[in-house]
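Structural characterization, general
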Amino acid sequence: MISYDLYSIKKELLFDLFIFIKKKHVHLYHLHYNNDLYYFYVPVYQRYLIRQYPITYIKTIGLLSYIFLLIKPMNLIGLFSFIITIMICSHLIFDIQVIGTIPSLNNDIYISLSQENIMSFTSLKSYEELNDILSLLKQTYKNDIEYMNIYQTGSVFYIEYTKRDIENVIEDDYRNIYAAKDGLIAYFDVDSGFIEVDINDYVLAGDLLVSNEIISTSNETKIIPVKGHIYAYTYNDYEASIKNHNQDYGDAFYELLLQIRSQIPANAMIDKENVLQMDKTSSTITLKMHYTLIEDIGVKGDINEEDN
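Overview of the structure. Everything numeric in this text was worked out from a predicted model, so none of it was measured.

Some words on a nonpolar patch on the surface
Residues Tyr187, Ile199 and Met269 make up a contiguous nonpolar surface patch of about 250 Å² in total accessible area. By the secondary structure assignment, Met269 is in strand S16 (residues 269-280). Looking at Met269, the relative accessible area reads 33%, which means it is partly exposed.

Now the structure itself:
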């Protein structure tokens, strides 16, 4: 797109101008008369020729006029400042949102985040850092939360959680503890009851773990309260998918890994983490992971009232 300079000349000099532009082969456009002056346009690339003649420059029209406007020192400073500001702001956290139903816990999470240098106007976090933060918070608040997820949208850092339902036991509970799922016994934390299994025993869902029966020294069976936890290694497969937008494969992996880790129970500890498969189709990217977890597999069952 050609840009043009607008000039004016006194009417008495017009004839001499025609002689000049014919000699210099200058292209003149849209000649018109107004208030004792003649106005005309000349292509910008012939500016160096026409300015050898005593005429008055008025303005430039077309694409180059905007370029000339931008390259003025003050405009360049403003433009570069704007570009640098946009680049910096696109890598900063402007707001932190904790989405949960316990105000006191929300405040504690804000404090924990500030201790990890996560606050407004700090840098956005990578997927690896988000994973580390998620693991730390889930371990810190494992007694208060059932589910937690961390993600970033634009320049907003989000934490979502659901609270754990805590059963307040007023009276002694005499129910046995059974295995809620298959696992390899890792260790015990039992205050009361008779432990029916040993460390490294493999148990199946429904197996008796802690009994409410003990045999006294006089060979009598007594029913006692049962209180405690049985921790076991459990083996779990998780899967997550996202839409395929031709994003970087490494970024997609860490985004999927973060989604999968958010599915792990808050009170479970990761012992081993292995990639099973990562598939990519035209529409989705799917990651499958295998986890060895250490978790409390005990669940209370009915009271054993048999009189042995």
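Moving on from the model shown.
With respect to the nonpolar core
Counting 20 residues, the largest nonpolar core has Ile109, Leu113, Leu137, Met148, Ile150, Phe157 and Ile159 as the members making the most contacts within it. Put simply, the parts of the chain that give this core at least two residues each are strand S5 (95-99), helix H5 (103-115), helix H6 (127-140), strand S6 (145-153) and strand S7 (156-163). For Leu137, the residues in contact, after removing those within four places along its chain, are Ile109, Ser112, Leu113, Ile145, Met148, Ile150 and Ile159. Of all hydrophobic cores here, the second largest spans 15 residues; its members include Ala240, Ile242, Ala252 and Leu287.

Regarding the sheet that holds strand S4 (residues 56-61)
Taken in spatial order, the four strands make up an open sheet running S2-S3-S1-S4, and their pairing is antiparallel. The two strands at the open ends of the sheet, each matched to only one other strand, are strand S2 (29-34) and S4. The average angle at which neighbouring strand axes cross in this sheet is 20 degrees, direction not considered. Summarising the sheet, strand S1 (residues 4-10) and S4 pair through five bridges and their orientation is antiparallel. Looking across to S4, one finds that Ser8 is bridged to Thr56.

Rules used throughout
Residues numbered from 1 in each chain as written. Predicted model: local features only at pLDDT ≥ 70, side-chain atom pairs only at ≥ 80, totals over all residues. Heavy atoms only, no water. Patch = residues over 30% accessible without salt bridge, like charges linked within 9 Å, V, L, I, M, F, W, Y side chains within 5 Å. Areas by Shrake-Rupley, 256 points an atom, 1.4 Å probe, with all protein chains shown as cover. Salt bridge = Lys/Arg side-chain N within 4 Å of Asp/Glu carboxyl O. Helix = DSSP H or I, 4+ residues; strand = E, 2+ residues; numbered from the N terminus. Buried < 20%, exposed > 50% of the residue type's maximum accessible area, 1.4 Å probe, protein only. Core = buried A, V, L, I, M, F, W, Y, C linked by side-chain atoms within 4.5 Å. Contact = heavy atoms within 4.5 Å. Pairing = 2+ DSSP bridges. Axes fitted to C-alpha atoms, helices over the stretch in contact; angles between N-to-C directions.

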